[in-house]
Amino acid sequence: MTTTWLICIDDTDDIGTKGTGEIAEEIMYLIMSKSHLNSVNETENNIAAWVTRHQLFVHPDIPYTSHNSAMCFELQSALSLSQIKQICTEHLLAESASVADPGLAIVDKLALTHDDVVNLIAFGSEAKREVKTKDQAYQLAKDVNVDLSEHGGTGQGVIGAIAGIGLRLSGNDGRVKGKISVGLAENTDYISLSVNQIIACSGLDGVIDIEGVKRDGEDIIVLSGKVKAVFVHDQFLLLVYQSLDNQTGKKHWCNALKQQLKKY
Amino acid sequence: MESNVDEYDCSVMLTWFMFRPASQSGSSSGSWIFRFSSDNVVQSRLAASHCHYFMADDEDEMLDDKLLSCVNCMRRRWLVDGFECYGLPS
């Protein structure tokens, strides 16, 4: 029997060290790998989603290094909580920066009640605009049965870790870590694909423009550079904007610029 | 980007940053505050093009499609209303 796990980490890096997103992704693949090895029935495992990055509050009272963001992912696995936690903890200890204050939050998503979800989302939203404390994070974790733990330093990362769980549960926060593969070769400037083709080749759920409108399946998108997705309406969506082609005078849809992705 | 840092004159960066001494900042060695809005990628790129300390951040933390830009630097630290640099010597 599989469980749907939500796992979030925060405050693992320092200048020049491996990023928190990369560590989160590594943990996700490690769990998938171990799930596979320990599985009697392979079809019960390895259903993984994307790692999402959630921006938190930046304030002089919050001891972040250069940005303040948490990284969260969801996956299904037959491994137990203690097995999942052991994988996460070992990797955090091995890969976190020596000066970091890592926090880890793990929860069985489907065991959460409606009130639990509401409380977690509220904490996450508040952590985007106000200073939260470790005591508040641990109290919430106790109330909603999130396994929250610290793994070095001050352990301040527990705040972002549980906030990230809430923001992921909101279904309307964050950018997808990394770039989306759409078949754009390194030496190719751009590629034009329909929304349906993008969905088929990337695994994303769709395409949304910067005004918040979902694009139709036949709309053509010109893709170039780093292709990035956002987490909106509980879906992983490619973000696009309309650009004017100076040569033809026609408008076409393009994947979003980094400045446009900033607000997610 | 860090070649010849010993000969580097940080005063050139005063066009884009103002130095806030330790007594006025949270840092024990003072901090360099970006003078412009963090959305101003033109000035961010110009500043980075004159800086010997640029170090690319994780791609997921970058906010400018042009790599050499202070908002893409691992040594910038976001503030409520902008960012500071702690790559430049105090």
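The structure presented is a predicted model; accordingly, all values stated were derived computationally and were not measured.

Moving on: the overall build of chain B. Along the backbone of chain B there are one helix and four strands. Each helix and strand of chain B, placed in order from N terminus to C terminus, yields the pattern β-β-α-β-β. In chain B, which comprises 90 residues, the proportion classed as buried is 36%. Partitioning the intrachain contacts of chain B with sequence separation of at least 6 by distance along the chain shows that 46% fall at a separation of at least 24.

A count of helices and strands for chain A gives seven helices and 13 strands. Over its C-alpha atoms chain A spans a radius of gyration of 19 Å, differing by no more than 12% from the 18 Å that the globule rule assigns to 264 residues. Counting only C-alpha atoms and orienting by the principal axes, one finds that chain A spans roughly 60 × 50 × 40 Å. Looking at the 264 residues of chain A, the share that counts as buried comes to 42%. Residue pairs in contact within chain A that sit at least 24 positions apart in sequence constitute 72% of those at least 6 positions apart.

So, about the nonpolar core. Within the largest apolar cluster, 65 residues are counted, with the highest numbers of intra-cluster contacts made by Cys 8, Ile 162, Ile 165 and Leu 238 of chain A. At eight residues, the largest contribution of residues to this core is made by helix H5 (residues 157-170) of chain A. There are two domains that each give this core at least three residues, and those are domain 1 (3-175) and domain 2 (179-261) of chain A. Apart from residues lying up to four places away in sequence, Cys 8 of chain A is in contact with Ala 70, Met 71, Cys 72, Ala 105, Ala 161, Gly 164, Ile 165 and Arg 168 of chain A. Grouped together as the second largest cluster of nonpolar side chains are 19 residues, Trp 16, Ala 48, Met 62 and Leu 63 of chain B included.

On to the packing of helix H4 (residues 134-144) of chain A against H5 of chain A, then. Residues and elements named next belong to chain A. The contact between H4 and H5 brings their axes to 8 Å, and the two run at 45 degrees. In terms of orientation, H4 and H5 fall into the oblique class. Every pair of crossing elements has a handedness; the one defined by H4 and H5 is left-handed. Each of Lys 134, Ala 137, Tyr 138, Leu 140 and Ala 141 in H4 lies in contact with H5, whose residues at this interface are Val 158, Ile 159 and Ile 162. For the contact of H4 with H5, the class distribution of residues is seven nonpolar, no polar and one charged.

Moving on, we get to unusual backbone geometry. Residues and elements named next belong to chain A. Phi at Asp 11 is positive, roughly 60 degrees, even though this residue is not glycine. The topology assignment puts Asp 11 in the loop between strand E1 (3-10) and helix H1 (20-38). A count of 31 C-beta atoms within 10 Å places Asp 11 in the buried class. Of note in the backbone geometry, Asn 145 takes a positive phi value of approximately 65 degrees without being a glycine. With respect to the element layout, Asn 145 can be found in the loop between H4 and strand E6 (147-150). Taking the number of C-beta atoms within 10 Å as the measure of exposure, Asn 145 has 13 and is therefore partly exposed.

A few words on the interface of chain A and chain B. Tallying the contact residues gives 18 residues for chain A and 19 residues for chain B. The class makeup of the residues in the side of chain A that touches chain B is four nonpolar, nine polar and five charged.

This part is about the environment of His 91 of chain A. Along the polypeptide, His 91 of chain A turns up in helix H2 (residues 81-95). As for His 91 of chain A and Ile 23 of chain A, which are separated by 68 residues in sequence, their C-alpha atoms are 7.8 Å apart.

Once that is clear, we can look at the environment of Ile 84 of chain A. Assignment of secondary structure puts Ile 84 of chain A in helix H2. Each residue touching Ile 84 of chain A, except ones within four places of it in the same chain, is listed here: Trp 5, Ile 31, Ser 77, Leu 79 and Ile 106 of chain A.

This next bit is on the confidence of the model for chain B. One rule of thumb: low pLDDT means the predicted coordinates there are not for detailed reading. All names here are of chain B. For chain B, the mean per-residue pLDDT works out to 87, and 89% of the residues sit at or above 70. Per-residue pLDDT, averaged within each element of chain B, yields its smallest value for strand E3 (residues 76-79) (90) and its largest for helix H1 (residues 41-49) (97). Per the prediction output, this complex has pTM 0.91; the corresponding ipTM is 0.83.

Strand pairing in a sheet relies on backbone hydrogen bonds. The paired strands run either parallel or antiparallel. Residue and element names in this part refer to chain B. Reading across from one edge, E1-E2-E4-E3 is the order of the four strands in this open sheet, with antiparallel pairing throughout. Each edge of the open sheet is held by one strand with a lone partner, namely strand E1 (17-20) and E3. Across the sheet, the axes of successive neighbouring strands diverge by a mean angle of 35 degrees, strand direction being ignored. In this sheet, strand E4 (residues 82-85) lies alongside strand E2 (residues 31-34) in antiparallel orientation, the contact comprising two bridges. Bridged to Trp 32 within E4 is Cys 85.

Scoring rules and cut-offs
Residues numbered from 1 in each chain as written. Chains lettered and ligands numbered in written order. Predicted model: local features only at pLDDT ≥ 70, side-chain atom pairs only at ≥ 80, totals over all residues. Helix = DSSP H or I, 4+ residues; strand = E, 2+ residues; numbered from the N terminus. Buried ≥ 20, exposed ≤ 12 C-beta atoms within 10 Å, placed from the backbone. Contact = placed C-beta atoms within 7 Å. Rg over C-alpha atoms; globule rule 2.2 N^0.38 Å. Core = buried A, V, L, I, M, F, W, Y, C linked by C-beta atoms within 7 Å. Domains from an automatic or database assignment. Axes fitted to C-alpha atoms, helices over the stretch in contact; angles between N-to-C directions. Parallel < 35°, antiparallel > 145°, perpendicular 65-115°, else oblique. Left-handed = near helix turned anticlockwise from the far one by under 90°. Nonpolar A, V, L, I, M, F, W, Y, C, P; charged D, E, K, R; others polar. pLDDT = per-residue confidence, 0-100. Pairing = 2+ DSSP bridges.

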